[in-house]
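Overview (structure and organization)
So you can see what is in the structure, the chains are spelled out below.
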Amino acid sequence: MSNSNSSPDFMLPVKRTAAGAALGFVDSELTKKHCTNFASAAATSSAASSTFNMAGGDSINGNNGVTNGKAPIGGAQLEIDEDLHSRQLAVYGRETMRRLFASNILISGMQGLGAEIAKNLVLAGVKSVTLHDTGTVELWDFSGSFLSSEEDLGKNRALVSVPKLQELNNTVIISTITTELTKEQLSDFQAVVFTDISLEKAIEFDDYCHQHQPPIAFIKSEVRGLFGSVFCDFGPEFTVLDVDGEEPHTGIIASISNDNPAIVSCVDDERLEFQDGELVVFSEVLGMTELNDRKPRRIKNARPYSFTIEEDTSNYAGYERGGIVTQVKEPKVLKFKPLQQALKDPGDFLLSDFSKFDRPPLLHLAFQALDKFTVEVGRPPLAGSEEDAQKLIALLADINNSLPDGRLEEIDPKLIRSFAFGARAVLNPMAAMFGGIVGQEVVKACSGKFHPLFQFFYFDSVESLPTESVDPNDLRPLNSRYDAQISVFGSKLQKKLEDAKVFMVGSGALGCEFLKNVALMGVSCGDGGKLTITDDDVIEKSNLSRQFLFRDWNIGQAKSTVAATAASFINRRLNIEALQNRASPESESVFDDTFWENLSVVINALDNVNARLYIDQRCLYFQRALLESGTLGAKCNTQMVIPHLTENYGASRDPPEKQAPMCTLHSFPHNIHHCLTWARSEFEGLLEKTPTEVNVYLKKPSEYISAMKQAGDAQARDTLERVLECLDSDKCDTFQDCITWARLKFEDYFANRVKQLTYTFPEDAATNNGARFWSAPKRFPRPLEFSNQDLSHINFVMAGAILRAEAFGIPIPNWAKSSEKFAEAVDKVMVPDFLPKNNVRIVTDEAATSLATASMDDADVINELVMKLEACREKLAPGYKMNPIQFEKDDDTNYHMELVTGLANMRARNYSIPEVDKLKAKLIAGKIIPAIATSTAMATGLVCLELYKVIDGSHKIEDYRNTFANLALPLFSMAEPVPTKVIKYQDMSWSVWDRWILKGSPTLRELLQWLKNKGLNAYSISFGSCLLFNSMFPKHKERMDKKMVDLVKDVAKFELPPYRSHFDVVIACEDDEDNDVDIPQVSVYYE
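Conventions and cut-offs
- Residues numbered from 1 in each chain as written.
- Predicted model: local features only at pLDDT ≥ 70, side-chain atom pairs only at ≥ 80, totals over all residues.
- Heavy atoms only, no water.
- Helix = DSSP H or I, 4+ residues; strand = E, 2+ residues; numbered from the N terminus.
- Rg over C-alpha atoms; globule rule 2.2 N^0.38 Å.
- Contact = heavy atoms within 4.5 Å.
- Areas by Shrake-Rupley, 256 points an atom, 1.4 Å probe, with all protein chains shown as cover.
- Buried < 20%, exposed > 50% of the residue type's maximum accessible area, 1.4 Å probe, protein only.
- Lys, Arg positive; Asp, Glu negative; His and termini not counted.
- Salt bridge = Lys/Arg side-chain N within 4 Å of Asp/Glu carboxyl O.
- Polar contact = N/O pair within 3.5 Å; in protein donor to acceptor, adjacent residues only side chain to side chain.
- Phe/Tyr/Trp six-rings, centres within 6.5 Å; stacked < 30°, edge-to-face > 60°.
- Lys NZ or Arg CZ within 6 Å of the ring centre and 35° of its normal.
- Arc of directions from axis to C-beta.
- Axes fitted to C-alpha atoms, helices over the stretch in contact; angles between N-to-C directions.
- Parallel < 35°, antiparallel > 145°, perpendicular 65-115°, else oblique.
- Left-handed = near helix turned anticlockwise from the far one by under 90°.
- Nonpolar A, V, L, I, M, F, W, Y, C, P; charged D, E, K, R; others polar.
- Pairing = 2+ DSSP bridges.
- pLDDT = per-residue confidence, 0-100.

Okay, the overall build of the protein next. When helices and strands are tallied, the protein shows 31 helices and 33 strands. Whereas a compact globule of 1087 residues would reach a radius of gyration of roughly 31 Å, the protein reaches 33 Å, a difference of no more than 12%. Dimensions of the protein, computed from the C-alpha atoms along their principal axes, are close to 95 × 90 × 65 Å. Of the contacts formed within the protein by residues at least 6 apart in sequence, a portion of 74% connects residues at least 24 apart. Put simply, the protein shows about 46300 Å² of open surface, and 48% of that area lies on carbon and sulfur atoms.

Turning to the side chain of Asp-474, a few remarks are in order. Among the structural elements, Asp-474 can be located in the loop between β17 (456-460) and α13 (483-489). Here Asp-474 occupies a buried position and makes no salt bridge, while the nearest side chain of opposite charge, Lys-492, is found at 5.4 Å. A polar atom in the side chain of Asp-474 sits 3.4 Å from the backbone nitrogen of Lys-492. Leaving out residues up to four positions away in the same chain, Asp-474 has contacts with Ile-486, Gly-490, Ser-491 and Lys-492.

This part covers the packing of aromatic side chains. Here a ring pair, both rings aromatic, is described through the centre-centre distance and the interplanar angle of the planes. With the rule as written, the count across this model stands at 49 aromatic pairs. Here Trp-990 and Trp-996 contribute two aromatic rings whose centre-to-centre distance is 5.2 Å and whose plane-to-plane angle is 75°, an arrangement assigned as edge-to-face. Looking at Trp-990, the relative accessible area reads 3%, which means it is buried. Linked through ring pairs, Phe-194, Phe-205, Phe-218, Phe-227, Phe-231, Phe-349, Phe-367, Phe-419, Phe-456 and Tyr-458 together constitute an aromatic cluster. In this structure, Arg-424 packs its charged tip against the face of Trp-140, placed 4.0 Å from the ring centre.

In this section: helix α14 (residues 491-498). Turning to α14, its buried residues number three or more, namely Leu-493, Gln-494, Leu-497 and Glu-498. What you see down the axis of α14 is that its buried residues fit within an arc of 145°, all on one side. Where the residues of α14 are buried, they touch α13, α15 (509-521) and α29 (933-952).

Taken as a whole and assessed by the stated rule, the structure comprises 69 salt bridges. In this structure, Glu-513 and Lys-119 form a salt bridge, with 2.5 Å as the shortest nitrogen-oxygen distance. Within this pair, whereas Glu-513 is found in helix α15, its partner Lys-119 is found in helix α5 (residues 112-124), the two being separated by 394 residues in sequence. Here Glu-513 and Lys-119 have matching classes, each one buried. One salt bridge connects Lys-889 with Asp-890, and the closest N-O pair in it is separated by 3.9 Å. By relative accessible area, which is 12% here, Asp-890 ends up buried. Here the salt bridges do not stand alone but share partners, grouping Asp-353, Lys-356, Arg-359, Asp-460, Glu-463 and Arg-961 into one network.

As a further point, take the packing of α15 against helix α16 (residues 559-570). Interaxial distance between α15 and α16 falls to 9 Å at its minimum, and their mutual angle equals 30°. Here α15 lies roughly parallel to α16, going by the angle between them. Where α15 crosses over α16, the two elements pack in a sense that is right-handed. Of the residues in α16, those touching α15 at Leu-515, Lys-516, Ala-519 and Leu-520 are Ala-563, Ala-564, Ala-567 and Ile-570. Looking at side-chain class alone, the contact of α15 with α16 contains seven nonpolar, no polar and one charged residues.

This part takes up the sheet that holds strand β19 (residues 530-534). On the basis of which strands lie adjacent, the open sheet formed by eight strands has the order β20-β19-β18-β21-β22-β23-β24-β25 and mixed pairing. Each of the sheet's edge strands pairs with one partner strand only, and the pair in question is β20 (576-579) and β25 (971-975). Adjacent strand axes in the sheet meet at a mean angle of 10°, parallel and antiparallel pairs treated alike. Looking at chain direction, β19 and β20 are connected through four bridges and run parallel. Following the sheet pairing, Thr-532 is matched in β20 by Glu-577. Contacts from α16 reach β19 and β20, with the element oriented near 165° to β20. Set on the sheet, helix α18 (residues 609-622) makes contact with β18 (501-505), β21 (601-604), β22 (625-632) and β23 (635-641); between it and β22 the angle comes to about 165°.

Sheet architecture is open: seven strands sit in the order β5-β4-β3-β6-β7-β8-β17, paired in mixed fashion. Unpaired on one side and paired on the other, β5 (173-177) and β17 mark the two borders of the sheet. With strand direction ignored, the average angle separating the axes of adjacent strands in the sheet is 15°. Direction of pairing for strand β7 (residues 217-224) relative to strand β8 (residues 227-233): antiparallel, over a ladder of seven bridges. In the strand pairing of β8, Ser-221 is matched with Val-230. The sheet contacts of helix α6 (residues 157-166) involve β4 (128-132) and β5, and relative to β5 the element is tilted by about 175°. The sheet strands contacting helix α12 (residues 428-447) are β3 (104-108), β6 (191-194), β7, β8 and β17, and the helix crosses β7 at an angle near 175°.

Counting buried residues in strand β29 (residues 1017-1023) gives six out of seven residues, a clear majority hidden from the surface. Pairing geometry for β29 and strand β31 (residues 1062-1070), over five bridges, is antiparallel. Following the sheet pairing, Ser-1020 is matched in β31 by Ala-1068. In the sheet, β29 pairs with strand β30 (residues 1026-1030) via four bridges, with the strands oriented antiparallel. Across the sheet, residue Ser-1022 finds its bridge partner in β30, namely Leu-1027. Counting the residues in the hairpin turn of β29 and β30 gives two residues, including Gly-1024, whose phi is positive at 60°.

Moving on: the confidence of the model for the protein. The pLDDT averaged across the protein works out to 90; a share of 92% of its residues lies at or above 70. The low-confidence segment residues 1-76 (pLDDT under 50) makes 186 contacts with residues lying over four places distant or belonging to another chain.

Take helix α3 (residues 82-92) next. Of all 11 residues making up α3, 10 are buried, and the element is well covered by its neighbours. Taken residue by residue, α3 has Glu-82, Asp-83, Leu-84, His-85, Ser-86, Arg-87, Gln-88, Leu-89, Val-91 and Tyr-92 as its buried positions. Close packing links the buried residues of α3 with α4 (94-101), α5, α12, α28 (918-925) and α29. Capping the start of α3 is the job of one residue whose side-chain oxygen sits 3.2 Å from the backbone nitrogen of Asp-83: Asp-81.

This is the structure we're talking about:
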């Protein structure tokens, strides 16, 4: 295993060994045939064993063993570092991760595409990656690969790649092969990837892999200029365990008929997602218990809220209530053809762009012709060589003519000419895109998670070429690091890229990939260029599995600064400035008018909608192109926002996320999401909001009390009750007090409240219209009885006590974290008996937004609470304050997730809802966005293909592409952006992109006349929320000769900032026939 120190040109700090990989394990119901798809390494080397953190685990034997046909993996499982891999675990789950951690991968060809694939797999955490390349680093490599630099020229590509890849993840064994490969060497791997191989050799290797027992997944991928291809062969029979990675669909049953076939109706809480022919299982059905046998049943006639099952239930017991129906995800067996056969009979090609539906068959032949050209001539076609292009076209025509059937009627010579000119170039955007696709295919091959690409995929982005014809002489190499890119686009566009002024917003996962891409492309690397990146966030451990420019000793440092430094090592010519400002109205003195007006393009690398909308509005205002993208697990999307051509980002919105009613969360949960939402809310109320309120009160008691008395409502009353409780009955002075508080909270939450609820609404309760109260989706709860023998009970109290002690500043004794000793302390707590009360009001209205109920005597109650609160305050020591605890999901030592998980699972136990482990709880309660490196890489590659068009500056809307992709399916859907809506009036036209500008510090009269000259009669002028002029108000005519800038200062009372030279007004206009005319925003410039 090669693991030399990093070379000086790429001085990124090394990531420490993480608690890392887990050895292979597959679901117990898999057959031996299924298991052979997921072969793993024969034995862990001594070098690897020192890297991995071993943990005890279930033994693996028999059909559960994952094998490569040599020896089964041993019994111990390796621990997954959930802090590091939490976002990836949210996509793959533990079992897929364990299969990955047991997988050995070969990557042959370490130019740009090989580098991207290796990066993605090392970040994913496979067991080992072997890099194969017999070639040496050339200048041409620098347009595609971040793993080599000028100091590496002449050195073997594979060898120079090792130290920089090893930095990404020390748990992955990285080794090299620098001599010619033999097919026998392939038997050491579960998947092999070739990025630079002749067709003859590829066929030989693929035949060996296809026939090997178990089969070895074979992937061949190429990037040639703006063209790319992928071929996958995972063997004669490959089992896909999970075709889409989505959670199984479920429904809450409302009724089941005694019929043949039986009709199943579900509550109209949410539409059913079932499809005809799918299998489902039933559970928790009362009455018709025959369906609870867990036998999968096939459904038909799927409707939004009902379906039928092919079963005669006529003689079954009658349905009473309850029941859950859950989709059964069926494995799918794919039969791959070997490459030699697939070349002749490729089947259906995976399409990405329906406007190019006839392109894949042509590219299928073009890549074969290129291979033939390279074999005959000994090199790929030269950029700008018409002779080479014509030879390639002739070879393609010969191949086409030799086909027995399925010949192409027409060959596009212009397209093949572009293909020939870029045949030697590996461009970074293409490498990033295909590196994401191929990296994901390797994961599928090793795990059975997601549907493989079956079997060919071809792609081109010829629209990225300059709109004007490029002189062949402009494609010639200049002996620079950008020669490969110049061979495709020409030196003129290269100069434009280098002089671009770019604003990148965000430096997380997307930002790191973008920085690497633009550095390799040479964007902002010239004397006139500049890249400004901003991000107000700091690096956390969970970032390290995707945000590949960061290392663990950067944790706590500013993301933008670290990322900018790392990008500068990739290309020392990069002119970059890193800022830590949040892009928002508050930072407009930093990102002022001059800043925005000088920009060439804006690249968003954000993770929230509000920030995207703000940047979108700024780009609209200053008429700057915005390149937008986002990821969600294996999905990604890109949107091009181009001035005067496309609609803006904010023009269309996703529907708001459905929120559970307040009463459901507090009294009638029916799924674990409800329980976790409630748990997170309780955590924040008990440990953050109430202690914060206490401190606000103690800091300025008189002002606080006055504000509460003035409010005088139910919310103020409830707040005062919580503050008083915290300083009086629930105040803790010792750690034993904290244990008592936590133990009584258990009793209150999981016993007493449930007893009160079921006392108020017994199991046979009915609604006002006589229907059963506890009907679906409501679940009837049962109180819990505390037991110090139940570790989940003890853990809940322990987490609660420790966090309560932290909030009160009480030292935590060492014995507190010993379950045995802690249980003894819990036994000392006296728990009072509970008697349910009559006339307790429990909110059942789903429209209610608060549980607080107003009453006539709120003011009197508040006065009484204030008196008690003041009496408590007098007993406190001077300077007394609490320590509010802000929820932090990613620190496994702080007990936050222990408490939230405990709260949620005990509540789930009350309502017979399946419980979850801490990781699943973290994903839901922490609102963690699932994320993997592959979809991030693909999204940024696609965006950078569009960046060429933006910098060129003369492309039409039909040249741009928005993309939605789902690597799990896989699905690629590319389409033209939606054009902007144009308003026409007389001989003028405008869109949302337009802003009318009036200079010279005009008066109100001059502004009105300026509009009159356009055929518009202004009747209202506003600045913000202030009305500066309205034709209905006679007094406003006195303002006619005042300068607009003075009206803003005097009427609106607005102090114009020194960094602004204009202000904006909204003007309502009508035409001469009194019809309203919507005009653009008007900017008035002043001196």
